[in-house]
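Coordinates in review
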Amino acid sequence: MLLMFSIYSQGDAAMATRGKTGKKSVALVLGGGAPNATLMAGTLEAFIEQGIEFDVISTAGAGALVGLLYVAPRADDARSALRMLIETGVDDTLYALFPVNFKVFNKPGALADLWRAMARGNPVLSHLQKDRSALGRAMADWTELMLASWCPSGLTCASTGLCAHVPFIDDLVDFSKLAAIGPEFYLNAYNLSRRAMRCWSKEEIGQDQFLAALSFPFLYPPYQIDGEYYIEGAAIDTLNFKGLFQTGRSIDTVVVFDVLGCERLMRPPTDLYDAWVQSIITPLVELARDDLKLFESRYNLDPQTGKPRCDVLRVNYDAYLSDRDCASELDWSRTNLARLYDIGFKAGLEFCEQYRDAI
């Protein structure tokens, strides 16, 4: 608690100047969450369509990927890049038979890295991946599964994580663009060596910082930068509010995309794999809820007036998710990711309509 107070007290001077400038300053907080990160991606596309822009973007966990696709996509425009997250999903028929996302969770080891480099140049797979038809996507996914199955693995009982660090991020994000973007941009990771949270700015963020920020314990080994080890910041600070205070600028409105802080995610598991997923998600739900409550009820309050320094607006995804959506929200099937994206887009449009004056 003392640590969190010291973090948030750094923003006192910045928040105290709220309203002194004519233009409202709007910040965006993208919390952890996967595979339901497509909810956030869909909402961001709606914001782009409505012409909404942000002065500060603070990210954690999977929210870092969504945020980077928004501000620094490698090949396409931001809308196309965000929509490409749907393609990280697995063909529905295949996922029903083998409910594991072999596209995102890759085998570790030097031989596995070499195999993936060779597979990336496979002409058959490259041709299939360009086919946007349902049959083409299904054939591409079956081919990727075969290649993933044949891939050698360096996993042993001495390994410190199940998977290789996300190997495809450099294909999606152009880190060289980051320093020149308009808004301030932050992402967090926890430094195991110093036992302290690190929050990097856009001038400091590269591939290494991203991989450190997504090194969720047990799924991925701790990531090493300059001899120090990092794990995913969202595992400890699911909503990176610290990033809001790094600039020293005043903030009028904070928009929070929180896809984890909802009780709907906690439910009886459907099988052993789902039980493992629930073991990861359940503590994160409470962490996200606590982060938001602490910010709203304590750290966002002016100690002299007792009034909020800035307005906090949370996108209410619960209102748009049916019981069926909630039951499959953590599935990696392509249909589910596409459905969540569309739900996020609708939620974003209605949010913009409701809070137009604030944002």
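First, a word on scope: everything that follows refers to the structure included in this document. Values in this document were obtained by computation on a predicted structure and should not be read as measured data.

**Quick look at the nonpolar core**
By size, the foremost hydrophobic cluster in this structure holds 84 residues, and its most contacted members are Phe54, Val255 and Phe257. The residues contacting Phe54, other than those within four sequence positions of it, are Val26, Ala27, Leu28, Leu44, Phe47, Tyr70, Pro183 and Val255. Within the second largest apolar cluster, 16 residues are counted, among which are Ala27, Val29, Phe245 and Ile251.

**Describing the packing of helix H3 (residues 37-49) against helix H14 (residues 334-354)**
Two elements in contact, H3 and H14, have axes whose closest approach is 6 Å; the angle formed by their N-to-C orientations is 40°. Between H3 and H14, the angle is such that the two are oblique. Here the hand of the crossing between H3 and H14 comes out right-handed. Touching Thr38, Leu39, Ala41, Gly42, Thr43, Glu45, Ala46, Phe47 and Glu49 of H3 are Leu337, Leu340, Tyr341, Ile343, Gly344, Phe345, Gly348, Leu349, Phe351 and Cys352, all from H14. Tallied by class, residues from the contact of H3 with H14 come to 12 nonpolar, 5 polar and 2 charged.

**Details of the environment of Asp323**
With respect to the helices and strands, the residue Asp323 is situated in helix H13 (residues 323-327). For the pair Asp323 and Arg264, spaced 59 residues apart in sequence, the C-alpha separation works out to 8.9 Å.

**Focus on the side chain of Ser333**
Along the chain, the position of Ser333 falls in the loop between H13 and H14. Beyond its immediate chain neighbours, meaning those up to four positions away, Ser333 contacts Gly89, Val90, Asp92 and Tyr95.

**Focus: the pattern of salt bridges**
Applying the stated criterion across every chain yields a total of 17 salt bridges. Of the charged contacts in the structure, one is a salt bridge between Arg74 and Asp170, with a shortest N-O distance of 3.7 Å. On the criterion of sequence distance, the pair formed by Arg74 in the loop between helix H4 (62-71) and helix H5 (78-83) and Asp170 in helix H10 (residues 169-172) is long-range, its members being 96 residues apart. Classification of Arg74 by relative accessible area gives partly exposed; the value is 36%.

**Quick look at a nonpolar patch on the surface**
Residues Leu97, Phe98, Trp142, Met146 and Trp150 make up a contiguous nonpolar surface patch of about 550 Å² in total accessible area. Looking at which element gives the most residues to the nonpolar patch, the answer is helix H9 (residues 134-150), with 3 residues. Mapped onto the secondary structure, Phe98 falls in the loop between helix H6 (92-97) and helix H7 (110-120).

**Notes on the packing of aromatic side chains**
Inspection of the entire model under this criterion finds 10 aromatic pairs. A ring pair is formed by Trp200 and Tyr230, whose centres lie 5.2 Å apart and whose planes are at 50°; its orientation type is tilted. Of this pair, Trp200 sits in strand E4 (residues 196-201) while Tyr230 sits in strand E6 (residues 228-232); the two residues are 30 residues apart in sequence, bridging distant segments of the chain. Overall, Trp200 belongs to the buried group, its relative accessible area being 3%.

**Regarding H4**
Taken across its 10 residues, H4 has 10 buried, putting it largely inside the fold. Among all positions in H4, only Ala62, Gly63, Ala64, Leu65, Val66, Gly67, Leu68, Leu69, Tyr70 and Val71 are buried.

**So, the pairing of strand E3 (residues 184-191)**
Buried residues dominate E3, accounting for 8 of its 8 residues. Of the pairings in the sheet, the one linking strand E2 (residues 56-59) to E3 comprises 4 bridges and is parallel in character. Its bridge partner being in E3, Ile57 is matched across the sheet by Phe185. Pairing of E3 with E4 involves 6 bridges; the strand directions are antiparallel. Residue pairing for E4: Tyr190 is matched across the bridge by Met197. Here E3 hands over to E4 after 4 residues, with Arg195 in that stretch at a positive phi of 55°. Looking at chain direction, E3 and E6 are connected through 3 bridges and run antiparallel. By the bridge assignment for E6, Asn191 is matched with Tyr230.

Procedures and definitions
Residues numbered from 1 in each chain as written. Predicted model: local features only at pLDDT ≥ 70, side-chain atom pairs only at ≥ 80, totals over all residues. Heavy atoms only, no water. Core = buried A, V, L, I, M, F, W, Y, C linked by side-chain atoms within 4.5 Å. Buried < 20%, exposed > 50% of the residue type's maximum accessible area, 1.4 Å probe, protein only. Contact = heavy atoms within 4.5 Å. Axes fitted to C-alpha atoms, helices over the stretch in contact; angles between N-to-C directions. Helix = DSSP H or I, 4+ residues; strand = E, 2+ residues; numbered from the N terminus. Parallel < 35°, antiparallel > 145°, perpendicular 65-115°, else oblique. Left-handed = near helix turned anticlockwise from the far one by under 90°. Nonpolar A, V, L, I, M, F, W, Y, C, P; charged D, E, K, R; others polar. Salt bridge = Lys/Arg side-chain N within 4 Å of Asp/Glu carboxyl O. Patch = residues over 30% accessible without salt bridge, like charges linked within 9 Å, V, L, I, M, F, W, Y side chains within 5 Å. Areas by Shrake-Rupley, 256 points an atom, 1.4 Å probe, with all protein chains shown as cover. Phe/Tyr/Trp six-rings, centres within 6.5 Å; stacked < 30°, edge-to-face > 60°. Pairing = 2+ DSSP bridges.

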